[in-house]
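Here's the letter readout for the chains.
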Number of protein chains: 2
Amino acid sequence: MDFKLTVLGTASAKPVTGRFQSAQVLSVRGRSFLIDCGEGVQTRLEDCHISHASIESIFISHIHGDHLFGLFGLLSTMGMLARPKPLCIYAPASFGPLLRFFLSYYGEGIAFEIRHVPLTMKAPETVYETKSLEVKAFPLNHGIETFGFLFREKEPQFNVRKWKIEEYSLSLAEIGAVKKGEDVVRQLPDGSSKRIPFEELGYKPFVPRSYAYCSDTAPFPELSSWVKGVDLLYHEATYTAEYESTALARHHSTTIQAASCARDAGAGRLVIGHYSSRFKDISLLQEECRSVFQETYAADDGDVFSVPLVKLD
Amino acid sequence: MDFKLTVLGTASAKPVTGRFQSAQVLSVRGRSFLIDCGEGVQTRLEDCHISHASIESIFISHIHGDHLFGLFGLLSTMGMLARPKPLCIYAPASFGPLLRFFLSYYGEGIAFEIRHVPLTMKAPETVYETKSLEVKAFPLNHGIETFGFLFREKEPQFNVRKWKIEEYSLSLAEIGAVKKGEDVVRQLPDGSSKRIPFEELGYKPFVPRSYAYCSDTAPFPELSSWVKGVDLLYHEATYTAEYESTALARHHSTTIQAASCARDAGAGRLVIGHYSSRFKDISLLQEECRSVFQETYAADDGDVFSVPLVKLD
């Protein structure tokens, strides 16, 4: 029942010793999703003991090289090692010609199916869905078409307390009603009815967990509402507060802007990354964020952030 | 007066923790040449304290991703940091469309001129030349168009021993003759002539140094003669001897084949790399090579091999 983020790279456009470019893996209940593919991503996966064969799908925020140039080597290796299952890549529409050109040159050794789902939305839209998980993509503000991703476990069905089934001899229909969160209403022989309140019979087994990835982006008003209440928020913080005008010019965010988004969203924790290579010591970036949002963590390459499952009842 | 090879990556197609893909820097008398660009090359340059700004030219052996996919990130970074000088890339003709496609998508931020010199030769040909250095490219045997490179310092002009200039009161014309390696012949008043042998007057100031890069290739008869007498030979050794048939099928070499090339060429030292990811311990590969050619060194990422300048006289 894992819900675990592994940060593979925390550099921005210029990688530095010890910091690779943007790439992350989110693992949810045994499914692994690769988010962005900075150069060296296949090595970083191995470094972090994550098999590339375990990657189910790939999410690309935008086509800038520091988020993409590791993909082609990874696809080549997946092909060489005969990946048996198809791969879906959620990426901006502008990624299409890049993928086609790559496959025209290097596709011979790639036998598995690659499907590109082009992202074009102007507001959050569901792009991936299973019984227990939903992923929404939403636009960011980065000068070129760029998307963030919100991974959210679905609300679980209610559980029915076993001893209440016995106590009331609940019928299958009544159990079904409780699972939907409804009270049980029984007709009594005297024509009256008896209501057994849902709260006595059922409970939500756990709190759904969520993660949002926001890189690269300048701040914009809608973002915090789009990631409202997220447990774990990754937001780029390329610059310290003093570089606000540089950040604005380059469609990036400062520490304060990232932390403000986390605060306004009511996030559980904020993870920052995508640091400008000018910052040798990232503790200052963390400090600045904490002045606005205490639960901020400045990620280093290889850091892992888990969202524990909170069971109810 | 350096002549120094820095091996940035020693993995073959699948990188592994601690081994990046093929990339090397040869530094000759202050000029730096990047040879192949496996993924992560810009990080590896930084790790090895080599400024990408110092790279004068790039030599690409072939377009397989493990020798090329680091180039595009490197070019992007060079563009972002406003490289002031043009860059020449010596690469197979098949590289042309790749470069053009890359520039059509990512060229906006790249203001410096990039010139692609397409390699098409069937036998060694000089592709680069300065007053003191010459680079020849030659075809390898790898299934797709692939080239090796031979970097060789030019034969220096002869020096004239200063005290001999005084002893014989050598004229400018006579000094010029000695510099060309000729004897000095003087007409005496009695009509006879006197010959002062070159060996007494002049000497070669140093022995020119050389380096050859041969990756990827299956063995073929001409190769050892093309790199005859090279001081430092890099030859891929993807496999141990027991995998000879695999090596053949994939157009690669075994340890024994690499070492045989070094022996037949009369090389000074052999450096091997491009190891299959199946080999966790490369000492076996070195041992196998040494059974044929004692002066073999199995490179690890970051290893440096210098060819010292041997001064004469």
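The sections below set out a description of the structure shown in this document. All figures in this text were calculated on a predicted structure; none of them were measured in a lab.

Basis of the calculations
- Residues numbered from 1 in each chain as written.
- Chains lettered and ligands numbered in written order.
- Predicted model: local features only at pLDDT ≥ 70, side-chain atom pairs only at ≥ 80, totals over all residues.
- Heavy atoms only, no water.
- Helix = DSSP H or I, 4+ residues; strand = E, 2+ residues; numbered from the N terminus.
- Buried < 20%, exposed > 50% of the residue type's maximum accessible area, 1.4 Å probe, protein only.
- Contact = heavy atoms within 4.5 Å.
- Phe/Tyr/Trp six-rings, centres within 6.5 Å; stacked < 30°, edge-to-face > 60°.
- Buried area = accessible area lost by both parts, 1.4 Å probe.
- Salt bridge = Lys/Arg side-chain N within 4 Å of Asp/Glu carboxyl O.
- Polar contact = N/O pair within 3.5 Å; in protein donor to acceptor, adjacent residues only side chain to side chain.
- Pairing = 2+ DSSP bridges.
- Axes fitted to C-alpha atoms, helices over the stretch in contact; angles between N-to-C directions.
- Least-squares fit on C-alpha atoms with pLDDT ≥ 70 in both.
- Parallel < 35°, antiparallel > 145°, perpendicular 65-115°, else oblique.
- Left-handed = near helix turned anticlockwise from the far one by under 90°.
- Nonpolar A, V, L, I, M, F, W, Y, C, P; charged D, E, K, R; others polar.

Regarding the overall build of chain A
Thinking step 1. Within chain A, the regular secondary structure consists of 11 helices and 18 strands.
Thinking step 2. Judged by the C-alpha coordinates and their principal axes, chain A covers about 80 × 50 × 35 Å.
Thinking step 3. Counting across all 313 residues of chain A, residues that qualify as buried make up 57%.
Thinking step 4. Residue pairs in contact within chain A that sit at least 24 positions apart in sequence constitute 63% of those at least 6 positions apart.

A few points about the packing of aromatic side chains
We describe a pair of aromatic rings using the distance from one ring centre to the other and the angle between the two ring planes.
Thinking step 1. Applying the stated criterion across every chain yields a total of 46 aromatic pairs over all chains.
Thinking step 2. Taken together, a centroid distance of 6.0 Å and an interplanar angle of 55° make the contact between Tyr105 of chain B and Tyr106 of chain B tilted.
Thinking step 3. For Tyr106 of chain B, a relative accessible area of 13% gives the class buried.
Thinking step 4. Note on Phe138 of chain B and Trp226 of chain B: the rings are 6.0 Å apart at their centroids and 55° apart in plane angle, and the pair reads as tilted. Here Phe138 of chain B is found in strand 8 (residues 133–139), whereas its partner Trp226 of chain B is found in helix 8 (residues 223–226), with 88 residues between them in sequence.
Thinking step 5. Looking at Phe138 of chain B, the relative accessible area reads 0%, which means it is buried.
Thinking step 6. Following the ring pairs from residue to residue traces out a cluster consisting of Phe69, Phe72, Phe101, Phe102, Tyr105 and Tyr106 of chain A together with Phe69, Phe72, Phe101, Phe102, Tyr105 and Tyr106 of chain B.

Some remarks on the interface of chain A and chain B
Thinking step 1. Across the boundary between the two partners, chain A contributes 34 residues, which contact 34 residues of chain B.
Thinking step 2. When chain A packs against chain B, close to 2700 Å² is buried across both sides, 62% of that on carbon and sulfur atoms.
Thinking step 3. A per-residue breakdown of the area chain A buries against chain B is headed by Glu39, Phe69 and Tyr106 of chain A, which together make up 23% of the total.
Thinking step 4. Counting the contacts that link chain A with chain B gives 2 salt bridges.
Thinking step 5. For the salt bridge of Glu46 of chain A with Lys14 of chain B, the shortest nitrogen-to-oxygen distance reads 3.0 Å.
Thinking step 6. If you look at where chain A meets chain B, you find 13 residue pairs in polar contact (both at pLDDT 80 or more).
Thinking step 7. When residues of the side of chain A that touches chain B are traced back to their parent elements, those giving at least two are helix 1 (41–47), helix 2 (65–68), helix 3 (71–80) and helix 4 (95–106) of chain A.

Things to note about the sheet that holds strand 7 (residues 125–129) of chain A
Residue and element names in this part refer to chain A.
Thinking step 1. Here 7 strands make up an open sheet; going across it, the order is 7-8-9-14-15-16-17 and the pairing mixed. Only two strands of the sheet have a single partner each, and these edge strands are strand 7 and strand 17 (296–298). This sheet shows a mean twist of 20° between the axes of neighbouring strands, independent of strand direction.
Thinking step 2. Here 3 bridges tie strand 16 (residues 269–273) to strand 17, and the two strands are oriented parallel to one another. Bridge pairing links Ile272 to Ala298 in strand 17.

As for the side chain of Thr217 of chain B
Thinking step 1. You can see Thr217 of chain B is positioned in the loop between strand 14 (210–214) and helix 8.
Thinking step 2. With residues near it in sequence (within four places) discarded, Thr217 of chain B still touches Leu140, Asn141, His142, Leu223, His235, Glu236, His251, His252 and Ser253 of chain B.

Description of unusual backbone geometry
Thinking step 1. Note that the residue after Ser215 of chain A, namely Asp216 of chain A, is joined by a cis bond; omega there is -5°.
Thinking step 2. A positive phi angle, close to 60°, is found at His274 of chain B, a residue other than glycine.
Thinking step 3. With respect to the secondary-structure elements, His274 of chain B resides in the loop between strand 16 (269–273) and helix 11 (283–290).
Thinking step 4. Residue class for His274 of chain B comes out buried when judged on its relative accessible area of 1%.

Quick look at the relation of the copies chain A and chain B
For the pair of chain copies, the relating operation is a rotation around an axis with a shift along it.
Thinking step 1. Note on the identical chains: chain A maps onto chain B by a rotation of 180° and an axial translation of 0.0 Å, with an RMSD of 0.1 Å. Such values leave the two copies arranged in the relation of a two-fold axis. In terms of C-alpha distance to the rotation axis, chain A has Gly40 of chain A as its closest residue, with the C-alpha 2.7 Å off the axis.
Thinking step 2. In this assembly, 100% of the residues forming the interface of chain A have copies in chain B that are likewise at the interface, indicating an isologous arrangement.

A look at the sheet that holds strand 6 (residues 114–119) of chain A
Residues and elements named next belong to chain A.
Thinking step 1. Strand order in this open sheet of 7 strands is 6-5-4-3-2-1-18, and the pairing throughout is mixed. Because the sheet does not close on itself, it has two edges, and the strands there are strand 6 and strand 18 (304–306). Taking each pair of neighbouring strands and ignoring which way they run, the sheet shows an average axis angle of 20°.
Thinking step 2. Contacting strand 5 (87–92) and strand 6, helix 4 runs over the sheet at an angle of about 160° to strand 6.

Observations regarding the packing of helix 3 (residues 71–80) of chain B against helix 4 (residues 95–106) of chain B
Residue and element names in this part refer to chain B.
Thinking step 1. At a closest axis distance of 12 Å, the pairing of helix 3 and helix 4 adopts a crossing angle of 45°. Here helix 3 is positioned oblique relative to helix 4, judged by the angle of their axes. Every pair of crossing elements has a handedness; the one defined by helix 3 and helix 4 is right-handed. Taking contact as the criterion, the partners of Leu71, Phe72, Leu75 and Ser76 in helix 3 are, on helix 4, Phe95, Leu98, Leu99 and Phe102.
Thinking step 2. Its residues assigned to classes, the contact of helix 3 with helix 4 shows 7 nonpolar, 1 polar and no charged.

Some points on helix 3 of chain B
Residues that lie three or four places apart on an α-helix share one face, since the helix turns once every 3.6 residues.
Residues and elements named next belong to chain B.
Thinking step 1. For helix 3, a buried count of 8 out of 10 residues is recorded, marking the element as mostly surrounded by other parts of the structure.
Thinking step 2. Among all positions of helix 3, only Leu71, Phe72, Gly73, Leu74, Leu75, Thr77, Met78 and Gly79 are buried.
Thinking step 3. One or two steps after helix 3, the chain reaches Ala82, where phi turns positive at roughly 55°.

A closer look at the pairing of strand 1 (residues 3–9) of chain B
All names here are of chain B.
Thinking step 1. Across the 7 residues that make up strand 1, a large majority, 6, are buried.
Thinking step 2. When strand 1 meets strand 2 (residues 23–28), the two strands line up antiparallel, connected through 6 bridges. Its bridge partner lying in strand 2, Lys4 is registered against Ser27.

Quick look at the pattern of salt bridges
All names here are of chain A.
Thinking step 1. Under the counting rule described, the total for this entry stands at 26 salt bridges over all chains.
Thinking step 2. In this structure, Glu153 and Arg29 form a salt bridge, with 2.7 Å as the shortest nitrogen-oxygen distance. Highlighted residues: Glu153 in strand 9 (residues 147–153) and Arg29 in the loop between strand 2 (23–28) and strand 3 (31–37), separated in sequence by 124 residues.
Thinking step 3. For Arg29, a relative accessible area of 28% gives the class partly exposed.
Thinking step 4. A cluster of three or more residues bridged by salt bridges with shared partners is formed by Arg29, Glu153 and Arg209.

Note that every value here comes from positions in space, so none of it alone points to a role or purpose.
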